[in-house]
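Geometric and topological summary
Each chain, written out:
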Amino acid sequence: CIRDSYYITIIFKKKRSMIYPIVLYGDTVLREKCTEIKMGDLDIKSLVNDMFETMTDADGIGLAAPQIGISKKLFVVDGSSLEDEEMSSFKKVFINPVLNNEDGDLWEFEEGCLSIPNIRGGVKRKSSIEITFFDENWNKKKEVFKGMQARVIQHEYDHIQGKLFVDYLSPLKKKLIKNKLSEISKGNCEVRYKVKRS
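With that settled, the discussion passes to the overall build of the protein. Looking only at helices and strands, one finds 5 helices and 7 strands in the protein. Taking 2.2 N^0.38 as the reference for a compact globule, 198 residues should give roughly 16 Å; the C-alpha atoms of the protein span a radius of gyration of 16 Å, in line with that estimate. Projected onto the principal axes, the alpha-carbon positions of the protein cover approximately 45 × 40 × 30 Å. Here the protein holds 198 residues, and the buried ones make up 48% of them. Looking at the protein alone, contacts between residues at least 24 apart form 67% of all its contacts between residues at least 6 apart. Of the roughly 10,300 Å² of accessible surface on the protein, a fraction of 49% belongs to carbon and sulfur atoms. Of note, the protein has its 33 positive side-chain charges centred 6 Å away from the centre of its 30 negative side-chain charges.

It is worth spelling out the pairing of strand 6 (residues 140-146) at this point. Note that strand 5 (residues 116-134) and strand 6 share 7 bridges and pair antiparallel. Within strand 6, the position partnered with S128 by the bridge is K146. Hairpin connection, strand 5 to strand 6: the antiparallel pair is bridged by 5 residues, and W138 has positive phi, about 65°.

Attention shifts here to the environment of I131. Along the polypeptide, I131 turns up in strand 5. Judged by relative accessible area, I131 falls into the buried class, the value being 0%. Sequence-wise, I131 and V144 are 13 residues apart; in three dimensions their C-alpha atoms are separated by 6.5 Å. In contact with I131, not counting residues within four places along its chain, are F94, P97, V98, L99, N100, K141, K142, E143, F145, I153 and Y157.

So, about the sheet that holds strand 5. Overall, antiparallel pairing links the 5 strands, which are arranged 2-3-4-5-6 in an open sheet. Where the open sheet ends on each side, the last strands, each with one partner, are strand 2 (62-64) and strand 6. Taken pair by pair, the neighbouring strands of this sheet meet at an average axis angle of 45°, ignoring direction. With 5 bridges connecting them, strand 3 (residues 74-78) and strand 4 (residues 91-113) associate as antiparallel partners. By the bridge assignment for strand 4, V76 is matched with V93. Across the sheet, helix 2 (residues 44-57) touches strand 2, strand 3 and strand 4, and the angle it forms with strand 3 is around 50°.

About the thresholds
Residues numbered from 1 in each chain as written. Predicted model: local features only at pLDDT ≥ 70, side-chain atom pairs only at ≥ 80, totals over all residues. Heavy atoms only, no water. Helix = DSSP H or I, 4+ residues; strand = E, 2+ residues; numbered from the N terminus. Rg over C-alpha atoms; globule rule 2.2 N^0.38 Å. Buried < 20%, exposed > 50% of the residue type's maximum accessible area, 1.4 Å probe, protein only. Contact = heavy atoms within 4.5 Å. Areas by Shrake-Rupley, 256 points an atom, 1.4 Å probe, with all protein chains shown as cover. Lys, Arg positive; Asp, Glu negative; His and termini not counted. Charge placed at Lys NZ, Arg CZ, Asp CG, Glu CD. Pairing = 2+ DSSP bridges. Axes fitted to C-alpha atoms, helices over the stretch in contact; angles between N-to-C directions.

Pasting the structure below:
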């Protein structure tokens, strides 16, 4: 689409890494099912580097391509800013991921999202997943992740499916945050990182 062409042109033209503005709730790109990336379509390593830089600048631990306006099956995760031992060494790139299986007990945890600032809510997810993906060097992998690592991946995987964590919330919780979501969609929110306002 035109939006993808615009962002991909930027990726090819620039030589230095950059911080992208985060797309806010209400932008249609967050509800699109992303398309696969073909090898050579774009400069993956440059884009991945930008995504890590953008995520770090916003104090995030995961970022999906649609959150910077690119409707492609790509997300990055980095838990190095956390004190948790399980997460501190968890830094990965997921290109064209396929979630093969979700297993284990459902457990609830309060999630947030850079595209939906200042809102959090309890989301129940399975505790173990198996996922197939390509890394930034186009090596195909199939791995199992558990606990918080699995949750972060599930959250980001939802993004490339056009799904957001607020979709999992109870009807009452959705009603309580309806006005806040409306304000965010208008660009009316206080954040310390760069955002794309409507």
